[in-house]
Number of protein chains: 4
Amino acid sequence: MSHNSFGHLFRVTTWGESHGPALGCVIDGCPPGVKFDLARVQSALDRRRPGQSRFVTQRQEPDQVEVLSGIFEDDRTDGQVTTGTPISLMIRNKDQRSKDYSEIRDRYRPGHADITYDQKYGVRDYRGGGRSSARETAARVAAGAVAELALEQMFGEFAISAGLVAIGTHDAEARDWSAVDQNPLFCPDPEAAKTWEKVLDDARKSGNSLGGIVEVEAQGFPAGLGAPVYGKLDQDIASALMSINAAKAVEIGDGMAAARLSGVDNADEMRMEDGKVAYQSNHSGGILGGISTGQPIVARVAIKPTSSILTPRRSVTRDGEEVDVVTKGRHDPCVAIRAVPVVEAMMACVLLDHALRHRGQVGSFPS
Amino acid sequence: MSHNSFGHLFRVTTWGESHGPALGCVIDGCPPGVKFDLARVQSALDRRRPGQSRFVTQRQEPDQVEVLSGIFEDDRTDGQVTTGTPISLMIRNKDQRSKDYSEIRDRYRPGHADITYDQKYGVRDYRGGGRSSARETAARVAAGAVAELALEQMFGEFAISAGLVAIGTHDAEARDWSAVDQNPLFCPDPEAAKTWEKVLDDARKSGNSLGGIVEVEAQGFPAGLGAPVYGKLDQDIASALMSINAAKAVEIGDGMAAARLSGVDNADEMRMEDGKVAYQSNHSGGILGGISTGQPIVARVAIKPTSSILTPRRSVTRDGEEVDVVTKGRHDPCVAIRAVPVVEAMMACVLLDHALRHRGQVGSFPS
Amino acid sequence: MSHNSFGHLFRVTTWGESHGPALGCVIDGCPPGVKFDLARVQSALDRRRPGQSRFVTQRQEPDQVEVLSGIFEDDRTDGQVTTGTPISLMIRNKDQRSKDYSEIRDRYRPGHADITYDQKYGVRDYRGGGRSSARETAARVAAGAVAELALEQMFGEFAISAGLVAIGTHDAEARDWSAVDQNPLFCPDPEAAKTWEKVLDDARKSGNSLGGIVEVEAQGFPAGLGAPVYGKLDQDIASALMSINAAKAVEIGDGMAAARLSGVDNADEMRMEDGKVAYQSNHSGGILGGISTGQPIVARVAIKPTSSILTPRRSVTRDGEEVDVVTKGRHDPCVAIRAVPVVEAMMACVLLDHALRHRGQVGSFPS
Amino acid sequence: MSHNSFGHLFRVTTWGESHGPALGCVIDGCPPGVKFDLARVQSALDRRRPGQSRFVTQRQEPDQVEVLSGIFEDDRTDGQVTTGTPISLMIRNKDQRSKDYSEIRDRYRPGHADITYDQKYGVRDYRGGGRSSARETAARVAAGAVAELALEQMFGEFAISAGLVAIGTHDAEARDWSAVDQNPLFCPDPEAAKTWEKVLDDARKSGNSLGGIVEVEAQGFPAGLGAPVYGKLDQDIASALMSINAAKAVEIGDGMAAARLSGVDNADEMRMEDGKVAYQSNHSGGILGGISTGQPIVARVAIKPTSSILTPRRSVTRDGEEVDVVTKGRHDPCVAIRAVPVVEAMMACVLLDHALRHRGQVGSFPS
């Protein structure tokens, strides 16, 4: 059991506080012989990096990843490859400004983990949120990039695409995944993205913040991933996405709306095409009975609005004094934006983990 | 790693197919000295038992639980107590009717695990759905009842209440948990329950089925349950609820709606009352940063409509032939109903598991 | 984490007390499609069964195994096969004589778990030793037999042979594994076996008991099983063998004697034969750096003498009174004998678990 | 499941290769509020550090530990304390000399993991043994020092003492643990230590190496640590000690010799002294039925001789060529010496893990 690890055969352990010297992860169980591509890992980190637009925190972190173990190269290998031993990745924190945390040291931000960490542990690194900060997700993104490299070797072509599909009460219509990196909101609907910029500016300027919904779609994965009853693929996706900071709900396929459907409407009917099963719809989100169907795997996660806002909120101090809390400093007005690469990374990790588990228990994949 | 176990310190492993000789579970890690009450366990099973109204499957199963190990009694104990060793519980299947499964043996029900089990494993006990049948949840309910007995010993007064809060497009308004056992739909809104009976009758008679939403609320638990980052209480609740048959989404507190709120509205403000922190709202569902706040813990799970329906749906056979599938036999027109005691049981298991984990790592609970 | 399970991908959870209604195990992670052979499982249990000679406990238990789940047969399968879902096996206890346990209820047998179970849990099923009884090992033997069936499917020809190679101060010379089932002591040295019968008779008649050493050799397994650092094959063998009742030491290859060798003598030199590496010796016991070499895997476990003896020993009661303890009843004069099939079973489970782990992480085995 | 972690509630994951940039560990599950003492951790590392006498490798490594997370200090804490979040520790490698590894790159040292790593993974960081190097144990020693700090807070006074009790065919008589740090061989018998220096010099000068036996004794721990059947304290000690490089056997209490005893002689008789159980002997090594008795916990591990020696040994290359291997470079003539602090560290980790597990499942410790 582990409070800071996820996955089973592909197991990632993260460490580090927001304002400590560094953060990182240890990846245990990456298959050997995977062609390692540091630029790909760095590029994934660059997407998640703070300070890239006015819609995210202004903290300046290069998020340069350092590989400490598990990768090897000599004249017999095709460049750098994984060795099957633990891959340790580290990112140094550069732009800590810990000097002025007297406020959140004693004053609990409503809707934030400040109070519960103190209640549970009695002590807490409050500088920048410490371990509860979203900075921890940099380590997830690095691990996810490694998972993608391994998945490529196992499955060849595939795509894991994520994007912001709702901000506050505004929903995206289109799912043009290629548009996601064309706008600062990671939105797959270019039209919506334009409107949303103003929506978010308004919230930000009024000292407020917004929630959002991130959708992820994994295409090109075989049927058979997952396991019955308590090793279900959807269960592990739910666990992975709910572990992301500020997550409050997870949907698979039609999600909450599935409860509103009748059995007649919910059935994903099947026909044969080119000798293969062809589903006529994908209400299930690519998962039936906890096992992948071969259709696109679709999930969504609801991210609540940032609790660190400029509007005063009633709260209490560590010593039980009633106060009003205003959180200055550098905070994301909508953390759901930077959650997009994190969701993608978590999905890659879960899929690789299940692919290795399937290979262990069953051997080959269904063709 | 285990595909058929959940929990860490309170670990439940279930086994059994719908039409095999029996099903059951092994509970490992139940604290010693817990006063065992077989009647309580049986009573929990009786709630989940099929055949109790026209709204659930007509299969007749007494679901009588047999205790095979882990419980002891002598003249020094206060009746039967747990010994700290594994508790093995078994329920014999009585009303299997396996003779006529030629239909689902070869024909995949759309929206059902039939096809994915076959694809993954190459072989499948198709009789009554085999391992993918909701009959497996009887073992969960038995384990949950044991968890409740242990929680009582740890925390005294508490309440874990679950109910059906939506069926199809109809929502309950009230949350009168005492009403749940007064109607055959386990609905906490007595008025709604009356209307719903007709809604469900209509669906059933037209050869259709309905989805629903189950809500659960756990009251009386201390702050401090949970753990940061990957041992989050909400993460484990999400995993537990998503592992239930037909689950497609999980919400904590405001859930999907949290994404629609602004930071100002989402903040659960705090004041002091009688020297204790008093939250002014509970958008968070009693969990912040993955750790319980001491407020009621609130979660919801969306259950899709039963895929076994009388209305013909297009499908394929195991051999790739295109067919229409009509599922006769005894099926729940709305599996969400009988999911209610299962959701309650899973919540009890998760809370006990986290209580033991907290006690292990931290020692005492925050007062 | 689990106190009553072992293995990772092939995971066995056992339950049951010596004088409870039954004992058994749940096997999670057995690959699907393994040809199941109930007679093989029963035959393994028959070897371990009590009451078969004057050298083992006279308790009469048929140890008939009942398969409760995980096995399926229809006209498409080649007889009974595993389905990949949990295999639940149960053995009913038949010959409990719990009426007269007032003695060990209150009096702690020196060298027995009586006192530590009471100290840890505060309560204990003392009838026949409860959970600490060697009856638990019946479940291991059943699981081991299933593991052997799966190993056959993966690797074809192989042999896991175990035997009693020392009793008290007497050592076997020969390692004729085919002789093991020809004598009641499971000794691979037929000459030694004859002498030992008298040695054991003498011990038994004088109200004493003897310890012994069990050796196990696994032939026909590929190089590559195991994992570095904390998933070492020898580490898991040590864990598995030390988990057997009364085990006090585990050796791999030369074991304790390896400490007495020089580096020159300990080196297993290598030459090429038929294009393959041919080791010139096997000091290592077939494991280097935690990973199998392809040579026979050799381990030994030291089993202490039975603590339940007729010779009075000084002890105390639960209430702190000083007493002399004499243990009547039916006990093995040398538990090491019946440990032989248990050691074999544990080795099969560990090897299958590692084979599945290797297949998961690495894919194919080295040729 | 994890190949590079050990422990459950106190879980340590190590990473790093001998000639990579660094090595380290992540400690997950250390209780919060433990007074952290960096000097204590460094001092433990200094004991294990290479280059301190002619009896160990001449590699010069300062082994300076860097704390990257999990420790916090402000004006409310009593110096540095643990926060309950993961503690990441890193040690930079300084004295790598990777330039000339062409020899062991292709030539497998007999008795070394060179060949099995290659066979399993197909690729291997051969520089200095890569992940299979004993340098990995620096991370264990650091983790063990943290475990000791936590144990002090839980149990107050205790002692975990380890020493070299045999080298080659020479045994120590005395167990004067205070003498261990007074001689370069970590021997608890000052007289023996003097003789052994010459023994080891002779071996070293003749291009040979020696094995040895390390004994560890843990005093001051309560009864009740451990768990039945597969969470046995002795089982976890066996697993932990067998995971150390070059370990070939583990003994608990009398170990292999227990098999030679009769039941009469093996019984640890009990009397009452000052109202407490007083054992009259400790054949069991402080563990009965997998659970600690409150007596000193005693274990031994056999360490084989270093396989990297100057005497030529017959071997093969990666490409199947027959060669003679002579290992130059800096190697320990008896790795058992530097295993002493490692054994002590592993014992501390296992005991803390079990203490937390006991507290989780049972609550308080038996008085």
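The model shown is predicted, which means the values in this text are computed figures rather than measured ones.

Definitions and limits used
Counting starts from 1 at the beginning of each chain's written sequence and moves along it residue by residue. For naming, the first written chain is A and the first written ligand is 1, with later ones following in the order written. Thresholds applied to this predicted model are a pLDDT of at least 70 for local features of residues and 80 or more for the giving and counting of side-chain atom pairs; totals over whole chains, interfaces and linings are not thresholded and use all residues. Derived side-chain values reflect all non-hydrogen atoms in the structure, with water molecules and hydrogen atoms excluded from consideration. Centres within 6.5 Å make a pair out of two Phe, Tyr or Trp rings, where for Trp the six-membered ring is used; the pair is then stacked when the planes are under 30 degrees apart, edge-to-face when over 60, and tilted otherwise. Note on conventions: DSSP H or I runs of at least 4 residues are helices, E runs of at least 2 residues are strands, and numbering of each starts at the N terminus. Categorising residues by exposure relies on relative accessible area from a 1.4 Å probe, with only protein chains included: less than 20% of the type maximum marks a residue as buried, more than 50% marks it as exposed, and the intermediate range marks it as partly exposed. To line up the copies, we fit them by least squares on C-alpha atoms, keeping just the residues with pLDDT of at least 70 in both. Pairs of residues are marked as contacts when any of their non-hydrogen atoms sit within 4.5 Å. UniProt positions are given in the numbering used here, feature names are shortened, and annotations may be inferred rather than shown by experiment. Residues adjacent in sequence count toward polar contacts only when both atoms are side-chain atoms; beyond that, a polar contact is any pair of N or O atoms within 3.5 Å, and within protein one must be able to donate a hydrogen and the other to accept it. Following DSSP output, two strands are said to pair if at least two bridges run between them. Whenever a pair of cysteine sulfur atoms sits within 2.5 Å, that pair is classed as a disulfide. In this description, buried area is defined as the sum, over both parts, of the accessible area (probe of 1.4 Å) that is lost when the two are combined. Here, a salt bridge means any Lys or Arg side-chain nitrogen found within 4 Å of an Asp or Glu carboxyl oxygen.

## Quick word on the packing of aromatic side chains
Tallying each qualifying case throughout the model produces 24 aromatic pairs over all chains. Centroid distance Phe6 of chain A to Tyr230 of chain B: 4.7 Å. Interplanar angle 50°. Geometry classified as tilted. Of the two residues, Phe6 of chain A is situated in strand E1 (residues 5–6) and Tyr230 of chain B in the loop between strand E10 (212–219) and helix H6 (233–242); the pairing between them involves two chains. In this structure, Phe6 of chain A and Tyr230 of chain B share a single accessibility class: buried. Between Phe155 of chain D and Phe221 of chain D, the aromatic rings sit 5.8 Å apart at their centres with planes inclined by 75°, giving edge-to-face as the arrangement. Of this pair, Phe155 of chain D sits in helix H4 (residues 137–155) while Phe221 of chain D is found in the loop between strand E10 (212–219) and helix H6 (233–242), placing the two residues 66 residues apart along the sequence. Note on accessibility: Phe155 of chain D and Phe221 of chain D belong to one class, buried. Grouping aromatic residues by their ring pairs yields a cluster made of Phe155, Phe158, Phe221 and Phe365 of chain A.

## Some details on the relation of the copies chain A and chain B
When chain A is fitted onto chain B, the two copies agree to an RMSD of 0.0 Å after a turn of 180° and an axial shift of 0.0 Å. The relationship between the two copies is best expressed as a two-fold rotation axis. Looking at the interface residues of chain A, 100% of them are also at the interface in chain B, so both copies use one shared face.

## Quick look at unusual backbone geometry
A positive phi angle, close to 75°, is found at Val229 of chain A, a residue other than glycine. Structurally, the position occupied by Val229 of chain A is in the loop between strand E10 (212–219) and helix H6 (233–242). Judged by relative accessible area, which is 4%, Val229 of chain A ranks as buried. A positive phi angle is found at Asp274 of chain D, which is not glycine, with a value near 55°. Among the structural elements, Asp274 of chain D can be located in the loop between strand E12 (270–273) and strand E13 (276–279).

## A few points about the UniProt feature "binding site: FMN" (unreviewed entry) in chain A
Residues and elements named next belong to chain A. Under the UniProt annotation, the feature "binding site: FMN" (unreviewed entry) is placed at Arg131, Ser132, Ser133, Asn245, Ala246, Gly289, Lys304, Pro305, Thr306, Ser307, Ser308 and Arg330. A maximum C-alpha distance of 43.6 Å among these annotated residues, which run over 200 residues, shows that they spread across the structure rather than meeting at one spot. Locating Arg131 in the fold gives a position in the loop between helix H3 (114–121) and helix H4 (137–155). Judged by relative accessible area, Arg131 falls into the buried class, the value being 3%. A polar contact of 3.1 Å, which involves the side chain of Arg131, links it to the backbone oxygen of Gly16. Among the secondary structure elements, Arg330 is positioned in the loop between strand E18 (322–325) and helix H8 (335–361).

## Quick look at the pairing of strand E18 (residues 322–325) of chain B
All names here are of chain B. Only one face of E18 is covered, namely the face carrying Val323 and Val325; the face carrying Glu322 and Asp324 is uncovered. Sheet topology places strand E17 (residues 313–316) next to E18; four bridges connect them, and they run antiparallel. Bridged to Arg314 within E18 is Asp324. The loop that links E17 with its antiparallel partner E18 comprises five residues; one of these, Gly320, has a positive phi angle of about 85°.

## Re the relation of the copies chain B and chain D
If you rotate chain B by 180° and push it 0.0 Å along the axis, it lands on chain D with an RMSD of 0.0 Å. Taken as a fraction of all interface residues of chain B, those also at the interface in chain D reach 93%, which identifies the copy contact as same-surface.

## Some details on the state of the cysteines
Residues and elements named next belong to chain B. Within the structure shown, the criterion is met by zero disulfides over all chains. With no disulfide of its own, Cys25 lies closest to Cys349 among cysteine sulfurs, the gap being 8.4 Å. Residue class for Cys25 comes out buried when judged on its relative accessible area of 1%. Just so you know, Cys187 is unpaired, no disulfide at all, and the nearest cysteine sulfur is the one on Cys334, 11 Å from it.

## Structural notes on the interface of chain A and chain B
Interface size is often expressed as the accessible area that is lost when the parts come together. Each side of the interface is counted separately: chain A has 106 residues, and chain B has 106 residues. Each partner contributes to the roughly 9,000 Å² buried at the junction of chain A and chain B, and carbon and sulfur atoms together form 59% of this total. Broken down residue by residue, the surface that chain A buries against chain B is led by Lys120, Tyr230 and Lys248 of chain A, which jointly contribute 10%. The tally of links from chain A across to chain B stands at eight salt bridges. For Arg313 of chain A, the salt bridge goes to Glu269 of chain B, with nearest N and O atoms at 3.6 Å. For the pair chain A and chain B, the number of links is 57 residue pairs in polar contact (both at pLDDT 80 or more).

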